[in-house]
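Observations on chain architecture
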Amino acid sequence: MANLLVTGGTGFIGANFVQYWARQYPQDRLVVLDALTYAGNLASLQSLSGNDQYRFVKGDIVDRDAIEALLREEKIDTIVHFAAESHVDRSISGPATFIDTNIVGTHSLYTGRS
Ligand SMILES: NC(=O)c1ccc[n+]([C@@H]2O[C@H](COP(=O)([O-])OP(=O)(O)OC[C@H]3O[C@@H](n4cnc5c(N)ncnc54)[C@H](O)[C@@H]3O)[C@@H](O)[C@H]2O)c1
C-alpha cells in the first residue's frame, strides 16, 4: 500500500492519472494537491468524493512549509508531480509564474522530501 501525493491533480494529465490510479490501486492513499489555477478543474475528480482513500488539498507547491507539513501528516512515500504552468504562450506576458511554479515549486517538492 502506497501513500501518494499527486500535485496538479485537477489538471489535464493529473486528473486522468488520479482516476486511473484510484481504479487500479484502490488500496493506495491518494492526496491531491492543486492550486486550482485557470487550468485546474476540481469537477474532474467529482467521482472520487466520498472515497475514504482520496483527499483534496487546495495549495501551492511553492509553499514549502505547507508541503513539508502535508508530507509529514499524510506519511507520503511517493510524489507524482504534474503541477505546472503548462500553457507556454502565457509565459510571454507573465514569465514569473512559470519560474515560481515550474522551477521553485519543483525544487520545493524535492527538498521538502529530505
Ligand atoms: N498535456 C500534455 O499533452 C502533456 C504532455 C507531456 C507532458 N506534459 C506535462 O505534464 C504536466 C501537466 O500537464 P497538464 O497538461 O496536465 O497541465 P494543466 O495546465 O492542465 O494542469 C496543471 C495543473 O497544475 C495546477 N497548478 C499550477 N500551478 C500550481 C502550483 N503553483 N501549485 C499547485 N498546483 C498548481 C493547475 O491548477 C492545474 O490543475 C506539465 O509538466 C506538462 O508539461 C503534458
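Rules used throughout
Residues numbered from 1 in each chain as written. Predicted model: local features only at pLDDT ≥ 70, side-chain atom pairs only at ≥ 80, totals over all residues. Helix = DSSP H or I, 4+ residues; strand = E, 2+ residues; numbered from the N terminus. Expected span 1.5 Å × (residues − 1). Buried ≥ 20, exposed ≤ 12 C-beta atoms within 10 Å, placed from the backbone. Arc of directions from axis to C-beta. Contact = placed C-beta atoms within 7 Å. Near = placed C-beta within 6 Å. Nonpolar A, V, L, I, M, F, W, Y, C, P; charged D, E, K, R; others polar.

What follows concerns helix α1 (residues 12-24). If you check α1, its first and last C-alpha atoms are 19 Å apart, about what 13 residues at 1.5 Å a residue would give, namely 18 Å. By the burial criterion, the buried members of α1 are Gly14, Ala15 and Val18. Taken end-on, α1 shows its buried residues confined to a sector of 100°, consistent with a single buried face. Residues of α1 that are exposed and angled more than 90 degrees away from the buried face: Tyr20, Arg23 and Gln24. As for α1, its buried residues are in contact with β1 (3-7) and β2 (29-34).

With that out of the way, let us pick up the site of the ligand. Close contacts around the ligand come from 23 residues, with Gly8, Gly11, Ile13, Ala39 and Gly40 the closest. At the level of elements, α1 and α4 (95-112) are the ones that each hand at least two residues to the shell around the ligand. If you tally residues by element for the shell around the ligand, the top one is α1, at 3 residues. A per-class count over the shell around the ligand returns 10 nonpolar, 10 polar and 3 charged.

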